[in-house]
Amino acid sequence: MTPLEIVLVAGARPNFMKIAPIYWALREHAADHVRVTIVHTGQHYDAKMSDDFFRDLELPKPDVNLEVGSASHAAQTARVMTGFERVLDERRPDVVVVVGDVNSTAACALVTTKMDYEPRRGGRSGGRRRPILAHVEAGLRSRDRAMPEEINRLVTDAISDLLLTTCRDADANLIAEGIAEDKIRFVGNPMIDSLRRSLAAAASSDVLARVGVTAGAYGLCTLHRPSNVDDPRTLVEILAALGEIAATTPILLPLHPRTRARLEAFGLATAAGIVVREPLSYVEMLRVTRDAAFVLTDSGGVQEETTALGVACVTLRENTERPVTISEGSNVLAGVSRHGIVAGLAAARSKVASGTRVPELWDGHAGERIAAVLLAAGEGA
Ligand code: UD1
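In what follows, the accompanying structure is described. (Residues numbered from 1 in each chain as written. Predicted model: local features only at pLDDT ≥ 70, side-chain atom pairs only at ≥ 80, totals over all residues. Heavy atoms only, no water.)

Brief notes about the site of the ligand
Turning to step 1, where the next piece is worked out: Near the ligand lie 18 residues; those nearest to it are Q43, H44, N103, E149 and H224.
Turning to step 2, where the next piece is worked out: The separation between an oxygen atom of the ligand and a polar side-chain atom of Q43 is 2.8 Å.
Turning to step 3, where the next piece is worked out: Separating an oxygen atom of the ligand from a side-chain N or O atom of R258 is a distance of 2.9 Å.
Turning to step 4, where the next piece is worked out: Surface burial for the ligand is 84%, taken as the share of its 750 Å² of free accessible area covered by protein chains. (Near = heavy atom within 4 Å. Polar contact = N/O pair within 3.5 Å; in protein donor to acceptor, adjacent residues only side chain to side chain. Areas by Shrake-Rupley, 256 points an atom, 1.4 Å probe, with all protein chains shown as cover.)

What about the sheet that holds strand β5 (residues 132-136)?
Turning to step 1, where the next piece is worked out: An order of β3-β2-β1-β4-β5-β6-β7 is seen for the seven strands of this open sheet, with the pairing classed as parallel. Each edge of the sheet is formed by a strand with only one pairing partner; in this case those strands are β3 (64-65) and β7 (184-186).
Turning to step 2, where the next piece is worked out: Relative to strand β4 (residues 95-99), strand β1 (residues 4-10) is paired through three bridges, and the arrangement is parallel. Each residue of the ladder has a partner; that of I6, found in β4, is V95.
Turning to step 3, where the next piece is worked out: With respect to the sheet, helix α6 (residues 168-176) is in contact with β6 (162-165) and β7, its orientation differing from that of β7 by roughly 170 degrees. (Pairing = 2+ DSSP bridges. Helix = DSSP H or I, 4+ residues; strand = E, 2+ residues; numbered from the N terminus. Contact = heavy atoms within 4.5 Å. Axes fitted to C-alpha atoms, helices over the stretch in contact; angles between N-to-C directions.)

Notes on the pairing of strand β9 (residues 251-254)
In the case of a regular strand, side chains alternate between the two sheet surfaces.
Turning to step 1, where the next piece is worked out: Both faces of β9 are covered, namely the face carrying I251 and L253 and the face carrying L252 and P254.
Turning to step 2, where the next piece is worked out: Strand direction decides the pairing type here: β9 and strand β10 (residues 274-277), joined by four bridges, are parallel. By the bridge assignment, P254 is partnered in β10 with R277. (Buried < 20%, exposed > 50% of the residue type's maximum accessible area, 1.4 Å probe, protein only.)

Here we look at the nonpolar core
Turning to step 1, where the next piece is worked out: Counting residues in hydrophobic clusters, the biggest one holds 47 residues, and the most contacted among them are I6, I22 and V97.
Turning to step 2, where the next piece is worked out: Per-element tally for this core: the top contributor is helix α1 (residues 13-30), with ten residues.
Turning to step 3, where the next piece is worked out: If we ignore the near neighbours within four places in the chain, the residues touching I22 are L8, V97, V99, V136, G367, I370 and L374.
Turning to step 4, where the next piece is worked out: Within the second largest apolar cluster, 26 residues are counted, among which are L223, V314, L345 and A348. (Core = buried A, V, L, I, M, F, W, Y, C linked by side-chain atoms within 4.5 Å.)

A closer look at the pairing of strand β2 (residues 34-40)
Turning to step 1, where the next piece is worked out: For β2, the buried fraction is high: six of the seven residues fall into the buried class.
Turning to step 2, where the next piece is worked out: At this point the chain moves from β1, through α1, to the parallel β2, and the crossover so formed is right-handed.
Turning to step 3, where the next piece is worked out: Both β2 and β3 contribute to a ladder of two bridges, which runs parallel. Note on β3: the bridge partner recorded for V39 is V64. (Right-handed = clockwise from strand over helix to strand, strands pointing away.)

Shown next as structure tokens:
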């Protein structure tokens, strides 16, 4: 029988830990009747932003790399679209899976819905002349349309056939937008599958000694969002908060290439007590998160990882598309003022002291549930 052809798309650092559990589950439970193709768009391309993650997550080398690289939003999106259209024309998959909210996600979703071919499983496709489009991590909303990721989420969800969600509030967001309920599946959070699987490797990593911090006696900061690092006034305010906190507790700052470039361009230096390092691999990052006294971040994924690990998290943003990390987890929204960040840290620490929860279905088995949904949809198509 012709195997079911499933394409998994990943483009940027936060995508890799979301496709890995789906890949593992398909390989383990359906290797004999499913062919999985991993397409890397090349949106992120530095070893430290990409290859190291494939190694840590035990993912094979991508079958296809579109090598789109960095560019303006329009140019990057356009390059992904033309490259991905060629891949779909050649491979004619039955199912395309996109994850998260980066430019590659929306670009590949748009291409998929406009394809016109007979999928490989031809006779079984029920007249459908394009692949089934599944979006993993659907329904998250910051309600801030100045965020490029929010636009990517809205576009991708509006055109997906299957919307796989990590939390119940995402289901409610989708229903409120008029998405048919039978397209939505609450499957839990695949990021947490990757986290649980890699905790043992993280425990034996020597990263703390290498970067020069002591378990429990440092804070961790990640900072890369354009709204925080592209405007020198905002960046100066955040650096002032970090400096104030680092006067008592050192802060490890693995620097995203965008942030490094902005610091250089603006001629800004970090205060004493801030330990600036290169970006870390997935396993290293997990270890420094687990052992941090607290985390300051503007990342989406880190808000979830700290909630899963019960580590105090201060989010340097005015909003979050992941409210469950606040209502149940260890996260506090602090904004980007110096005072707000310092006060947010005290609030997050007292929140953790009084006890937080890991959200429903963040249990390490989301990949299996996602694989089951994909197989059922692909077989029934
Ligand atoms: C992208 C995602 C963001 C995600 C982040 C995680 C979009 C719109 N944004 O933002 O949601 O949180 O990834 O990292 O998709 N660069 C390198 N090497 C790389 C990749 C990037 O040096 O491997 C530098 C380049 O100067 C580039 C800049 O980082 O111009 C921005 O990269 P880009 O992929 O456009 O967006 P991110 O800021 O990484």
